[in-house]
Amino acid sequence: MGKNNQLPPQEQKRNEAYNEYVKQVTPTHNTFLNMVKAFLLGGLICVIGQIIVNVGINRFGLEKEDASTWCSLILILTSVLLTSFNLYPSLANWGGAGALVPITGFANGVCASAIEFKKDASDIICTRSKKPRKIKGFR
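Quick caveat: nothing in here was measured; it's all calculated off a predicted structure. (Residues numbered from 1 in each chain as written. Predicted model: local features only at pLDDT ≥ 70, side-chain atom pairs only at ≥ 80, totals over all residues. Heavy atoms only, no water.)

Draft legend 1. View of the overall build of the chain. Across its full length, the chain holds six helices and zero strands. From first element to last, N terminus to C terminus, the chain shows the α and β order α-α-α-α-α-α. Considering the chain as a whole, with its 139 residues, one finds that 18% of them fall into the buried category. In the chain, 46% of the contacts between residues at least 6 apart in sequence involve partners at least 24 apart. Surface exposure of the chain reaches about 11500 Å², of which carbon and sulfur atoms provide 63%. (Helix = DSSP H or I, 4+ residues; strand = E, 2+ residues; numbered from the N terminus. Buried < 20%, exposed > 50% of the residue type's maximum accessible area, 1.4 Å probe, protein only. Contact = heavy atoms within 4.5 Å. Areas by Shrake-Rupley, 256 points an atom, 1.4 Å probe, with all protein chains shown as cover.)

Draft legend 2. Expanded view of the packing of helix α2 (residues 31-58) against helix α4 (residues 88-95). Their axes nearest at 8 Å, the elements α2 and α4 cross at an angle of 135 degrees. Taken as axis vectors, α2 and α4 run oblique relative to one another. Listed contacts from α4 to Lys 37, Ala 38 and Leu 41 of α2 are Leu 91, Trp 94 and Gly 95. Grouping the amino acids of the contact of α2 with α4 by side-chain chemistry returns four nonpolar, one polar and one charged. (Axes fitted to C-alpha atoms, helices over the stretch in contact; angles between N-to-C directions. Parallel < 35°, antiparallel > 145°, perpendicular 65-115°, else oblique. Nonpolar A, V, L, I, M, F, W, Y, C, P; charged D, E, K, R; others polar.)

Draft legend 3. Unusual backbone geometry, seen in detail. Phi is positive for Asn 86, which is not a glycine, with a value near 60 degrees. Tracing the sequence through the fold places Asn 86 in the loop between α3 (64-84) and α4. The class for Asn 86 is exposed, based on a relative accessible area of 54%.

Draft legend 4. Focus on the side chain of Thr 104. One can find Thr 104 in helix α6 (residues 103-124). Relative accessible area serves as the criterion here: at 5%, Thr 104 is assigned to the buried category. Look past the residues within four positions of Thr 104 in its chain and what remains in contact with it is Ile 45, Leu 75, Ser 79, Tyr 88 and Ala 99.

Draft legend 5. Region of interest: the environment of Glu 65. Checked against the element boundaries, Glu 65 lands in helix α3. Judged by relative accessible area, which is 66%, Glu 65 ranks as exposed. It is 9.1 Å that separates the C-alpha atoms of Glu 65 and Val 53, two residues lying twelve residues apart in sequence.

Draft legend 6. Local environment of α4. Those residues of α4 that fall on the buried side of the exposure criterion are Tyr 88, Ala 92 and Gly 95. Viewed end-on, α4 has its buried residues packed into an arc of 80 degrees, placing them on one side of the element. Phi for Gly 96, located one or two positions after α4, is positive at around 55 degrees. (Arc of directions from axis to C-beta.)

See the structure below:
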């Protein structure tokens, strides 16, 4: 290997084969389609939020601030329920950032972390069984 940085033919073939393999296994994405999906899902979430606010103001006689607070609570609750039933990840997979940017994405992140912790906590917390389980990670 001199100043021209040429690799031996065997290494060049290996690198070419590797580059071909990477090209085959790397998923391709349609950026425009992903942006449209994110726009549609994020817009749908916002439209639902606006409907909740309008119903709160017109139907229940709430002030705009109170209706907005109820809107946030209802969207968070809906997101938590969808996450609990393992439906929100499918929405987020389809809509990308459209599902993750609004307040529902925050609620999904908090709820998903709590669910994951509960799964992990079963290894740490002793149950009501007569023989306590060994706590992982501790001596």
